[in-house]
Amino acid sequence: METRNSRTEKVSQKMKPFEQITSKINSELHYKLPRKWKKIGNIGILDLSNIDTKERNNIAKIYADVIGAKTILQKNKISGELRKPEDTEILHGNETVTEISEYGIKYKLDLAEIMWSPGNIGWRSALSGPDKVTDFYTFDRPNTIIDYFAGIGYFSIQMAKGYPEAEIIAIDKNPKSVEYLSLNAKNNSVENMKIINDDCRNIEMKADVIHLGYIGNTIDFLEHSHNCLNENGIVIFHEVFRNNWLGFKSRSDWGAIPEKFSKLMDEKNFTVQKFERVKFYGPSTSHIIAKLKKN
Ligand SMILES: C[S@@+](CC[C@H](N)C(=O)[O-])C[C@H]1O[C@@H](n2cnc3c(N)ncnc32)[C@H](O)[C@@H]1O
């Protein structure tokens, strides 16, 4: 027999998550409630900064229950060269370490210490994802691949799996990232990776491929990459550019390699082989990826 409780449960299952959340919170607060949040592993990140501190934890618990998160963190700034989250505030729960599965790889990380960009999903798949990504990450029998900004292994682990005959050198300056990188390499049974905790510009090792999975001032690392690449070596270059500068006004413009970009890379002694948008980055800028060949 259908009881009142099971009926209420059925109704709430049909409701969208935000409707479920508002149905449990005083209507006077609804206009302050965030409609968007990120769920990374089993941790939710949302902005409750405009809610009175007395109410925040109760509201965070409601979000946690509805979105199925064990912990809720206040959204905060990711800052500095090491991309560390600033003063993480736990709104609900206490565990900040989580695990993410992406294209067959499991990554553990502490979200109080390290960033994770959900928007880059797909692009971290190297050889195990969509064709357009595989195209960028297909290299001709590389012996050595260096990842200059390895983080917790976002790209290095996939490249190690995709190129079992190659040696992957994964470098990161942040000791916390390196701690999780080592753990993630072990948990994913990676055996062809050497991990270095240092500034990549201090490392003079030679490579066939250098991966620059960073944004902000990646261009400043091209000269060092050039010096460290073997003949015909390849750089995978991530960066953010203004759409205007790239000459992109509409979606249909995103087909060709932008002339200004080719010229800039030519000045850096690289030829652009491929170019794509990873994602919009704010209203007028885009995160792009390019495959560059050393001249
Ligand atoms: C945030 S991660 C990249 C994020 C990743 N691409 C993703 O898909 O989520 C960038 C990493 O570069 C590292 N880093 C920044 N500058 C560095 C440098 N000069 N040498 C080595 N590592 C550096 C930071 O510590 C950080 O772990």
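Novice: What is the right way to look at unusual backbone geometry in this model?
Specialist: Across residues other than glycine, the phi torsion is negative in most instances, and most of the peptide bonds are trans. Even without glycine at this site, S189 takes up a positive phi of about 50 degrees. Here S189 lies in the loop between α6 (175-187) and β11 (193-197). The backbone of N269 sits at a positive phi, close to 70 degrees, despite the residue not being glycine. Following the sequence through the fold, N269 ends up in the loop between α9 (259-267) and β14 (270-280). Note on N269: 14 C-beta atoms within 10 Å, which makes it partly exposed.

Novice: Quick question: what am I supposed to make of the domain arrangement of the protein chain here?
Specialist: It is common to give the size of an interface as the accessible area lost on bringing the parts into contact. Considered domain by domain, the protein chain is made up of domain 1 (4-95) and domain 2 (117-294). Its C-alpha centre places domain 1 at a distance of 33 Å from the equivalent point of domain 2.

Novice: I'm lost on the sheet that holds strand β9 (residues 144-147) in this one. Help?
Specialist: Within a sheet, adjacent strands bond to each other through the backbone by hydrogen bonds, running parallel or antiparallel. Read from one edge of the open sheet, seven strands run β11-β10-β9-β12-β13-β15-β14, paired in mixed fashion. This sheet does not close on itself; its edge strands, each paired only once, are β11 and β14. The sheet shows a mean angle of 15 degrees between the axes of neighbouring strands, taken without regard to direction. Taken together, the five bridges between strand β12 (residues 207-212) and strand β13 (residues 229-242) define a ladder with parallel strand orientation. Its bridge partner being in β13, L212 is matched across the sheet by F237. Packing of α6 onto the sheet brings it into contact with β10 (167-172) and β11, and relative to β11 it is tilted by some 165 degrees. Set on the sheet, α9 makes contact with β14 and β15 (285-294); between it and β14 the angle comes to about 130 degrees.

Novice: What's the story with the sheet that holds strand β2 (residues 43-46) in this structure? I'm lost.
Specialist: Ordered in space as β1-β2-β3-β6, the four strands form an open sheet in which the pairing is mixed. With one partner strand each, in any of the chains shown, β1 (38-40) and β6 (90-92) form the two edges of the open sheet. Each adjacent strand pair in this sheet contributes to an overall mean axis angle of 30 degrees, direction not counted. The pairing of β1 with β2 spans three bridges and is classified as antiparallel. Its bridge partner lying in β2, I40 is registered against I43. Where helix α3 (residues 53-67) meets the sheet, it contacts β1, β2, β3 (71-74) and β6, and its direction lies at approximately 65 degrees from that of β6.

Calculation rules
Residues numbered from 1 in each chain as written. Predicted model: local features only at pLDDT ≥ 70, side-chain atom pairs only at ≥ 80, totals over all residues. Helix = DSSP H or I, 4+ residues; strand = E, 2+ residues; numbered from the N terminus. Buried ≥ 20, exposed ≤ 12 C-beta atoms within 10 Å, placed from the backbone. Domains from an automatic or database assignment. Pairing = 2+ DSSP bridges. Axes fitted to C-alpha atoms, helices over the stretch in contact; angles between N-to-C directions. Contact = placed C-beta atoms within 7 Å.

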